[in-house]
Amino acid sequence: MSFPLSLILAGWFLLAAFQHLLWKYQRKYRDAGVVDVGWAAGLGFLALLYAALATGDPVRRMIVGSLGGIWGFRLAYYLLRDRVIGKEEDGRYKALREHWGECADRNFIFFFQAQAALDVVLSIPFLVIAFDPRPELSGWVFVGCAVWLLSVVGETVADSQLAEFRSNPANKGKTCRRGLWRYSRHPNYFFEWMHWFSYALIAVGAPYAWAAWIGPLIMYVFITKFTGIPYTEKQALKSR
C-alpha cells in the first residue's frame, strides 16, 4: 500500500487556499481567532476527502469519514459560535498582534498557512484507515469507535458547561468549577487528546498502522507545550 502524493498535495492546496481566505478575513476584521475554526474544519474536510477518494475498504473509509468529519465540523462550529461571532479577538491572538505590531498581518500569513500544513500532518491517521484494504473489522475498530464516542461526548459536555458558565455575567473573573471542570482544569483538552487515540486503535493491524499514533503524539505536544494549556493558563492568571 502506498499513499498517492497527489491526494495529499490536493488536500494541502485546498486547505492553504481556505486559510488564505480566513487570513483575509482577519486582516479586515482584526480577528485571527478564525484560524482555529479553519484548523478544525480543515481536518473534518480531509477526513471526508480521503474517505471519498482513497482505495481502502469502503466500510473503513465510511467509518473514518464519519468520525473525522463529525468531530472536525462539530469543533469548528463550536469555535465559530463561542469565540468568533459577536466576540472580541481571542486573547492569544490579541497578544500576538500587539507583540508583532506592524508586522502582524505579514506574520499571520505564515501562521495561518502553518495550520493548513499541520492539518495535513494530523490527517495521517485518516489516511492509514482510508487506505486499509482489509474487509473484516476487528475488535479494535469497535474499541476505537467507543473511545471516539466517549471523547466527543466528553468534549461536547465540557465545552457546553464552560460556555454556560461564561454566559453568566456574575461569573466574570471566576474559574469554572462545575461539572467536568470540577475534576480537571482542562477537561476539553483532555478529551480532545483522547479522541486521537480512537484512530490509532481503529488502524491496529493496518499497513503503516504505527503512523496513526502521530495524532495523539503531536496533539499531546501542542496541547501541553504550545497552543493549548500554556496560553490558557497564562490568560487565566491575568484575568482570574
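Computed from a prediction, not measured in an experiment: that's the story for all the values here.

Turning to unusual backbone geometry, a few remarks are in order. The backbone of Arg30 shows a phi angle near 55 degrees, a positive value even though the residue is not glycine. With respect to the secondary-structure elements, Arg30 resides in the loop between helix 1 (5-29) and helix 2 (34-53). Given the relative accessible area of 38%, Arg30 is considered partly exposed. Positive phi, normally seen in glycine, also occurs at Tyr208, with a value near 60 degrees. Tyr208 gets classed as partly exposed once you look at its relative accessible area, which sits at 41%.

Remark: helix 1 packs on helix 2, axes separated minimally by 10 Å, with the N-to-C direction vectors making an angle of 155 degrees. Judged by the inter-axis angle, helix 1 sits roughly antiparallel to helix 2. The handedness of the crossing between helix 1 and helix 2 is right-handed. Where helix 1 approaches helix 2, its residues Leu7, Gly11, Leu14, Leu15, Phe18, Gln19, Leu22, Tyr25 and Gln26 are matched on the opposing element by Val34, Val35, Gly38, Trp39, Ala41, Gly42, Phe45, Leu46, Leu49, Tyr50 and Leu53. Here the contact of helix 1 with helix 2 is composed, by residue class, of 15 nonpolar, five polar and no charged.

A few words now on helix 3 (residues 58-84). For helix 3, which comprises 27 residues, the first-to-last C-alpha distance of 37 Å matches the rise-based estimate of 39 Å (1.5 Å per residue) to within 8%. Phi turns positive one or two residues past the end of helix 3, at Gly86, with a value near 70 degrees.

Before going further, it helps to examine the pattern of salt bridges. Tallied over the entire structure, the rule returns ten salt bridges. For the salt bridge of Asp82 with Arg166, the shortest nitrogen-to-oxygen distance reads 3.8 Å. In this pair, Asp82 sits in helix 3 while Arg166 sits in helix 7 (residues 139-167), placing the two residues 84 residues apart along the sequence. By relative accessible area, Arg166 is classed as exposed at 51%. A salt bridge links Asp132 to Arg134; the shortest N-O distance between them is 2.7 Å. Classification of Asp132 as buried rests on a relative accessible area of 1%. Given a relative accessible area of 19%, Arg134 falls into the buried group. A single salt-bridge network, built from bridges that share partners, covers Asp36, Asp90 and Arg92.

Taken as a whole, the second largest pocket encloses approximately 440 Å³ of empty space. Surrounding the second largest pocket, 21 residues form its lining, Asp36, Trp39, Arg92, Tyr189 and Thr227 being those nearest its centre. Grouping the constituent residues of the lining of the second largest pocket by class yields eleven nonpolar, four polar and six charged.

The rules behind each value
- Residues numbered from 1 in each chain as written.
- Predicted model: local features only at pLDDT ≥ 70, side-chain atom pairs only at ≥ 80, totals over all residues.
- Heavy atoms only, no water.
- Helix = DSSP H or I, 4+ residues; strand = E, 2+ residues; numbered from the N terminus.
- Buried < 20%, exposed > 50% of the residue type's maximum accessible area, 1.4 Å probe, protein only.
- Axes fitted to C-alpha atoms, helices over the stretch in contact; angles between N-to-C directions.
- Parallel < 35°, antiparallel > 145°, perpendicular 65-115°, else oblique.
- Left-handed = near helix turned anticlockwise from the far one by under 90°.
- Contact = heavy atoms within 4.5 Å.
- Nonpolar A, V, L, I, M, F, W, Y, C, P; charged D, E, K, R; others polar.
- Expected span 1.5 Å × (residues − 1).
- Salt bridge = Lys/Arg side-chain N within 4 Å of Asp/Glu carboxyl O.
- 1 Å grid on protein atoms, 1.4 Å probe; cavity = no way out; pocket = protein on both sides within 12 Å on 5 of 7 lines; lining within 4 Å.
- Points joined across faces, edges and corners; volume = space filled by probe spheres on them.

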